[in-house]
Every structure is written in structure tokens, then in C-alpha cells.
Amino acid sequence: MKLSVSGENAAERLAIALGVAPVPLVDTHMAFLRARAIMVATKLGVFEALAAGPLSSDAVADRCGTSPAATPKLLTALVACGYLRAVKGDYALTARARTWLLADSPQSVRDKLLFEFFEWTIVEGTEAFVRTGRAHDLHLSDDEERWGAYQRAMRVLSRLAAPEIVRRTPLPRGATRMLDIGGSHGCIPAAMCRRHPALSAVVLDLPAAVRHAAPLLAAEGLGARVVHREGDARVDDLGTAEWDLIYISQLLHHFDEATNRALMQRVARALTPGGYVAVVELVRPAAPGDAGQVGALLDLYFALTSQSGTWSIEEIAAWQRDAGLAPRRTISLRTVPGAAELVARKRE
Ligand SMILES: C[S@@+](CC[C@H](N)C(=O)[O-])C[C@H]1O[C@@H](n2cnc3c(N)ncnc32)[C@H](O)[C@@H]1O
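Turning next to the overall build of the protein. Within the protein one finds 14 helices and 10 strands. The globule rule puts the C-alpha radius of gyration for 348 residues at 20 Å, and the 22 Å found for the protein is close to it. Summarising its shape, the C-alpha atoms of the protein cover approximately 65 × 50 × 35 Å along the three principal directions. Considering the protein as a whole, with its 348 residues, one finds that 38% of them fall into the buried category. Partitioning the intrachain contacts of the protein with sequence separation of at least 6 by distance along the chain shows that 66% fall at a separation of at least 24.

Here it is as C-alpha cells:
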């Protein structure tokens, strides 16, 4: 998936094709206005206000406690962006808003949009980062509100992919123990345990993450079968021949190459013979210009948040091979644009 500018009529399409349309203005000004409008509507409860049916602008303003003068400006912008429809003077949700932004939709990404207010502030540091090379460290924060928003945001993304990941992740015969490193909410081990009744799991994460992820894991309703362990994946001993499946999702982009190499060595030691490691990552294109806008933009973003970046499929597979594991064919995840699952096996 990628963001790109397209014309709204034949003349605009021609102008874009001829290179005479000011595409950078749409790439920047329209992109940030659009993003902010959708985020603000989510935070103010505009989509929830319209969940039961169409309303006038004044009625939306009344329900959301917003300005009757300013609210129609936001609603009209959301119509232009495909999140609302105008219906006889009222406003109604489009299928996109209903599916992705209502809190109780199974596909809701609402919590991720709420975390984007924090990400917006981080991204404002891009210029300083590129000038100095000094990154923000997302995981050193003592902002408890941000930690809570972060953990809830990660859960909605994992939930979207959970059915596909559970279906496509192999387990050795008779598997009983799973470790999820940097696992936060634990929604994938919970889903794996539901599918495999003999399996139990441990979710390792930083203490601040566990503080906020604990209620999310409790809500999975698996009790002692899936438990948190506070720790630090960069240094903790993961044990020897202890885990049939080690799952690592969206963690390696926070670590540098040496840390990831060393982690994969400890993972290899910690797996039972015949056990699997499954790495899920937003992957960077192998070379500049190769397809993969998501991975390339996130490479810059994770450099800013964590002094690291996204990794290519080849790099991750090399760490697995160098740790003595045998990589299998890479799985492109249909439910997470730009992400792949790289499974490798330890010899029996
Ligand atoms: C991007 S989130 C991914 C969460 C989850 N694995 C998922 O895919 O939804 C990264 C997680 O790794 C955790 N993390 C970051 N550094 C860590 C470390 N040194 N040790 C353990 N966990 C860490 C963060 O707290 C966060 O929960």
C-alpha cells in the first residue's frame, strides 16, 4: 500500500501525468490537514456521535460539546475525505468510518489514531533528528498517558492480523510453551492458546509497558495460561531449550543490528529442538527505489523514535541463519500492509 496523489477529474489526471500539477502541495499541506481532521474527529467523538444514524451539524456539535460554528467545517472536510456522507443536509458515516473508526467495530483502529496525537509530536522532531542524528527514545519515556495509549494502539493493530498470524504460524507437534518477546497486550499468544489447547504462553515486555498492557491481557480471559514477565529483551536470559515457539512482532525495528543479532542467538538457544521463531516486521525495501513505501517511511520514523529503523527480509533472515536456524519461505501478511512474517526452525 502507498499514499499517492490522484486527480479528481480528467484535467487533473492529465496535469499530474504531464508533471504540471503541484504534487508536493498535496503530499504535504493536504496530507497533514487530512490526517489531523480524521484524528480530531476521532478524539472528539464525531464518528461515535453518528453511529446510530445521520445527524445535523448542530446535533453533532451538541453531542460532542463542540462549537456549532466550527463543527460544520470539520464535517465538510470529512465528507471530502470519504469518512462522512452528506444526506439531505445531515451527515452520515461512510462504510470506511463505520468499519475502521467506531470503538466497538471488530476492525477498529480508533486506539491507534488516538496514539497518533503522541506520534505527531514525535514527528515534529524529524528536522532536529536529521540535523543532529540524535533520536528520541520512545521506550525511555515516563509519560504514563503515552504508555497507555501506546499499548492500546499496538493491540488494535495486532488484533487485525491475529486470525491470519494464528493460521499461518507453525507449531511443532506437541508444543506446550510459547514466548512472545516485546509482546505488550499478548493478543497473539492469547489467540494461539485458544487455537491450541495444550499451549501456554509468557509475554515479555518492559515494566512500563506491562503496567498498561496488564488489563488488556486480562481482558483476553485466559488467566494463568498467558502471563506477563517484566524484563528487557536486550539483556535477559531467555533460557535453554525452553520454548516451542518464540514470537517477536514489531520489536526489531527498535533495536540496532548488533542487538538483533545477539537476540536471535539467545532465541536459538532458548528454542526446543524443532521449535520455531516467528518474526513479524514492517520490512524495509531491499534497495532504495524498490517497492515498499510503508517500510521506507517507517525506516525514518523508527530512526527518530528508537535510533534504529525497519529491516529488510534479507537482513532478518541472515540473523536467523547466523544463529543456526533454518529460515522458511517468507510470509507476506495480507492484513498488515508492508509487513512480513519470517519463520525459522531449530534443528531437531
Ligand atoms: C511496536 S510494539 C509491538 C507490540 C506487539 N509485539 C505487537 O506486535 O503488537 C513494541 C513493544 O516492544 C516493547 N519493547 C521495547 N523495547 C523492549 C525491550 N528492550 N525489552 C522488551 N520489550 C521491549 C515495547 O514496550 C512495546 O510493547
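In this section: the environment of Met 30. Relative to the assigned elements, Met 30 resides in helix H2 (residues 23–44). Taking the C-alpha atoms as reference points, Met 30 and Val 87, separated by 57 residues in sequence, lie 25 Å from one another.

Turning to the site of the ligand, a few remarks are in order. Looking at the ligand, there are 18 residues lining it, with Gly 182, Ser 184, Ala 209, Ala 233 and Ser 249 nearest. For the shell around the ligand, the secondary structure elements donating two or more residues are helix H9 (144–168) and strand S4 (200–205). Among the elements that take part in the shell around the ligand, H9 stands out by supplying three residues, more than any other. Each residue belonging to the shell around the ligand can be placed in one class, and the counts come to seven nonpolar, eight polar and three charged.

The next point concerns the domain arrangement of the protein. Splitting the protein by domain gives domain 1 (10–102) and domain 2 (128–345). Centre-to-centre separation of domain 1 and domain 2, based on C-alpha positions: 34 Å.

All right, on to the nonpolar core then. Ranked by internal contacts, the top residues of the largest apolar core, which has 65 residues, are Leu 179, Ile 246, Ile 248, Val 267, Val 277, Ala 278 and Val 279. For this core, the leading source of residues is H9, giving nine residues. If we skip the residues at most four places from it in the chain, Val 279 touches Ile 248, Leu 252, Ile 316 and Leu 342. Ala 37, Leu 78, Tyr 83 and Leu 93 belong to the second-largest nonpolar core, a separate cluster that totals 19 residues.

Take the packing of H9 against helix H10 (residues 187–195) next. At a minimum axis separation of 9 Å, H9 and H10 run at an interaxial angle of 30°. Comparing their axes, H10 and H9 come out roughly parallel. H9 and H10 meet at a crossing whose hand is right-handed. Within the contact between the two elements, H9 uses Arg 155, Ser 158, Arg 159, Ala 162, Ile 165 and Val 166 and H10 uses Cys 187, Ile 188, Ala 191, Met 192 and Arg 195.

Another aspect to go through is the pairing of strand S7 (residues 271–282). Extensive coverage of S7 is indicated by the burial of 10 of its 12 residues. Judged from the six bridges that link them, strand S6 (residues 243–249) and S7 form a sheet pairing that is parallel. Across the sheet, the residue bridging to Trp 243 is Leu 271, located in S7. Chirality of the crossover, the property in question, places the unit of S6, helix H12 (residues 257–270) and S7 among those that are right-handed.

Moving on, we get to the pairing of strand S3 (residues 177–181). Residues in a regular strand project their side chains so that they alternate between the two faces of the sheet. Of all five residues making up S3, four are buried, and the element is well covered by its neighbours. Handedness of the crossover joining S3 and S4 through H10: right-handed.

Mapped onto the elements of the fold, Ser 57 is located in helix H4 (residues 57–64). For Ser 57, a count of 20 C-beta atoms within 10 Å corresponds to the buried category. The spatial distance from the C-alpha of Ser 57 to the C-alpha of Tyr 91 is 7.1 Å, given a sequence separation of 34 residues. Among all residues touching Ser 57, those that are not within four sequence positions of it are Thr 71, Pro 72, Leu 75 and Tyr 91.

Here we take up H2. For H2, with 22 residues, the first-to-last C-alpha span of 31 Å sits near the 32 Å given by 1.5 Å per residue. Roughly 30° is the biggest bend found in H2, and it falls at Met 30. For H2, every residue scored as buried is listed here: Ala 37, Ile 38, Ala 41 and Thr 42. On the buried face of H2, the contacting elements are helix H3 (46–49), helix H5 (71–80), helix H6 (95–101) and helix H7 (110–123). At the exit of H2 stands Gly 45, carrying a positive phi of roughly 85°.

Parameters and conventions
- Residues numbered from 1 in each chain as written.
- Predicted model: local features only at pLDDT ≥ 70, side-chain atom pairs only at ≥ 80, totals over all residues.
- Helix = DSSP H or I, 4+ residues; strand = E, 2+ residues; numbered from the N terminus.
- Rg over C-alpha atoms; globule rule 2.2 N^0.38 Å.
- Buried ≥ 20, exposed ≤ 12 C-beta atoms within 10 Å, placed from the backbone.
- Contact = placed C-beta atoms within 7 Å.
- Near = placed C-beta within 6 Å.
- Nonpolar A, V, L, I, M, F, W, Y, C, P; charged D, E, K, R; others polar.
- Domains from an automatic or database assignment.
- Core = buried A, V, L, I, M, F, W, Y, C linked by C-beta atoms within 7 Å.
- Axes fitted to C-alpha atoms, helices over the stretch in contact; angles between N-to-C directions.
- Parallel < 35°, antiparallel > 145°, perpendicular 65-115°, else oblique.
- Left-handed = near helix turned anticlockwise from the far one by under 90°.
- Pairing = 2+ DSSP bridges.
- Right-handed = clockwise from strand over helix to strand, strands pointing away.
- Expected span 1.5 Å × (residues − 1).
- Bend = angle between axes of the 7 residues up to and from the residue.

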